[in-house]
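Summary of structural features
Here is how the chains run, residue by residue.
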Amino acid sequence: MTRDQPGQAGIGPNAQDRRCVDVESAAASPGALVCARCRRPLRYPTRTPTPPHLRGRVLTAVRSWPEGAICSGCYAKACETFGACDRCGVERLLPGIGPGGQRWCTDCAGGIGDFTCTRCRQEGWNHYKGVCGRCVLRDRLTTALDDGTGHVRPELQPLFNLVVSMARPRSGILWLTKPHVRPLLHQLATGLVPLTHEGLAALTPWRSAIYVRDLLVAAGTLPSVDRELFLFEQWLPPWLRQVQDEEHRKILTRYATWHVLRHLRQAADHGPIGHYRHQNARYQLRQAAAWLAHLGSAGATLDTCGQRDLDQWSAGANAHQRSAVRAFLTWAIRARIMARLQLPPTLAPAPSLISRQQRIQLIRRLHDGDGMDLTERVIGLLILLYAQPLPRIVRLTLDDIISPDDSNDAGDNSDHVAGMSIRLGNPPAPVPAPFDQVIRDYLTARPNLTTATNPGSRWLFPGRRAGQPLHPTSIRLRLQRLGIPNLNSRSRALREMLVQAPPSVVAAMIGYAPNRAEAIAAQAGGTWTHYAAGDHWPTHVAHRSS
Ligand SMILES: [Zn+2]
Ligand SMILES: [Zn+2]
Ligand SMILES: [Zn+2]
């Protein structure tokens, strides 16, 4: 077991920040006790409860080790850090920290106790009376997945194995204490609910059901289906039921079934449906419902709706609403439930660009890494160097990074892979120095491999959920916080590339549809549109640094 957790034992950047703040507040009350590892203010456990003004700000000391008092958070981390001891080299639990930040086993650290489980004889988090978290998790999960014979239902054994192998059994134990989880697992274990996607779709609450569904897919018990499509299919029936007007509900059901859902299913046949496509499908339906309600309040229906009704509405609507309703009206006209009217024009708002200078500054910041973690830096670089959209970024896998160290085995493409490259399209795009080093650093410290139940994840950006990559929305929020404008940066990156190479070459290399890149080039006044596809251009064009 060589799993280590970034930021473990308060040596990560966040802990550093906290340290500055809390050392100040600790200094304000001289002689105050602080945790020997994270330096956060501490108090020794007493019978008197924590006074309200200190609640959440002062932690309780749970251990007194040779280095000093230890808070509960640092103690828990110490019990979950595995690897090779920096002193004796043995692979085991590393609860100790040396003066230079070395990770030590309990024998080398000395004086911090024995962490061996009295039942399984393995080291780890002592959950209860000398029994480790893993043993406790095993017991509780065996009960939860009992099919009535006193054993785990055989079909659920892979799920069982997956959960008990998680690096932090504590999170599994916590999961089982949530009120909905056990009843839900019980229904699956006893066969009250069939072990299928349909069976799971019927379970509530849906968040817990989806989590179990993800685990079952990750365990190989259920085939993987498109996650976003599944979510949409679950959302649709209750949403339709809450539409008050019966006539509207009928029309929307037809629209949802024959247009929205059909298109989503077709798209899912060709590749994963992104988060935004799913959200957009919901938006289209909500806007269609709002429009029908608007018509109704004006005393009209879809049959009687005239050009004036439409124009009046259109004047007060924004571009997003117009485009969503336009999709509905186009369908309604085709389905002959509405007269052929002149539809409102839709203009896609042109993204405003960041300047060339701003782009260079952002790239420099990403390279220096000021105030960002490695995940944010790599994602920022993919946007600013290669104009990659977030839904595509999160679906990259380890196999998409081609490094010269492993190209010997690949053989065939060794002639043009001089440095690292990344497979965004075909041919792979080169990663210029010094950015290849940022990616290399990231690869050695990929997060979420221990917290989630996916230690073997191939995602370049593994998420917290089993078998899932990071969620695009969570990245978008992080980028916003860091002041990296996603869409505008992408447009600038694309234009910069198009200054140097024909759209067809750029499009192929970064995985854009050729007509899309051409349209953007035309908008940007690009000079490449008259070149034939890739005739005059060597393949190393995107090789450019700031
Ligand atoms: Zn601490
Ligand atoms: Zn040791
Ligand atoms: Zn044990």
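Scroll up a little and you will see the structure.
Description of the structure in this document. Bear in mind the structure is a predicted one, so any value in this text is a computation, not a measurement. Think of each chain on its own: its residues are numbered from 1, step by step along the sequence as written. Following the order in which they are written, the chains are lettered starting with A and the ligands numbered starting with 1. Reporting of local features is limited, given that this is a predicted model, to residues whose pLDDT is at least 70; pairs of side-chain atoms are given and counted only at 80 or more, and all residues count toward the totals for whole chains, interfaces and linings.

On to the overall build of the protein, then. Put simply, DSSP H or I for four residues or longer makes a helix, DSSP E for two residues or longer makes a strand, and each gets a number counted from the N terminus. Of the regular secondary structure elements, the protein holds 23 helices and 13 strands. Whether a residue is buried, exposed or partly exposed follows from its count of other C-beta atoms within 10 Å of its own C-beta, namely 20 or more, 12 or fewer, or something in between, respectively; the C-beta atoms are built from the backbone. Every one of the 546 residues in the protein was classed for burial, and the buried ones make up 32%. Long-range pairs, those at least 24 residues apart, make up 55% of the contacts in the protein between residues at least 6 apart in sequence. For the purpose of contact definition, each residue receives a C-beta atom placed from its backbone, and two residues are in contact when these atoms lie within 7 Å.

We call two strands paired when DSSP finds no fewer than two bridges between them. Spatially, three strands are ordered S11-S12-S13 in an open sheet, and the strand pairing comes out antiparallel. On the outer flanks of this sheet lie strand S11 (401–402) and strand S13 (429–430), each paired with one strand and no other. Bridge analysis of S11 against strand S12 (residues 421–422) gives two bridges, and the strand direction is antiparallel. Bridge pairing links Ile 402 to Ser 421 in S12.

Every axis corresponds to a line fitted to the C-alpha atoms, with the helix fit spanning only the stretch in contact, and the corresponding angles, defined between N-to-C directions, vary from 0 to 180 degrees. Where helix H5 (residues 157–164) contacts helix H9 (residues 206–218), the axes come no closer than 9 Å and their chain directions differ by 100°. One element, H5, and the other, H9, form an angle in the roughly perpendicular class. Packed against H5, whose contacting residues are Leu 159, Leu 162 and Val 163, the element H9 presents Leu 215, Leu 216 and Ala 218 at the interface. Here the angle decides the label: under 35 degrees means roughly parallel, over 145 means roughly antiparallel, 65 to 115 means roughly perpendicular, and every other value means oblique.

Counting buried residues along helix H22 (residues 503–510), eight of its eight residues qualify, which places the element largely inside the surrounding structure. For H22, the complete set of buried residues consists of Pro 503, Ser 504, Val 505, Val 506, Ala 507, Ala 508, Met 509 and Ile 510. Looking one or two residues beyond H22, the residue adopting positive phi is Gly 511, at roughly 75°.

As a further point, take unusual backbone geometry. In this structure, Pro 427 follows Asn 426 across a cis peptide bond, with omega equal to 5°. With respect to the secondary-structure elements, Pro 427 resides in the loop between S12 and S13. For Lys 129, which is not glycine, the phi dihedral falls at a positive 45°. Here Lys 129 is to be found in the loop between strand S9 (126–128) and strand S10 (131–132).

We now examine the pairing of strand S3 (residues 59–65). Sheet analysis places strand S2 (residues 41–43) next to S3, joined by two bridges and oriented parallel. Looking across to S3, one finds that Arg 43 is bridged to Thr 60. With four bridges joining them, S3 and strand S4 (residues 68–71) adopt antiparallel strand pairing. Considered in S4, the bridge of Ala 61 is made with Cys 71. Hairpin connection of S3 to S4: two residues between the antiparallel strands.

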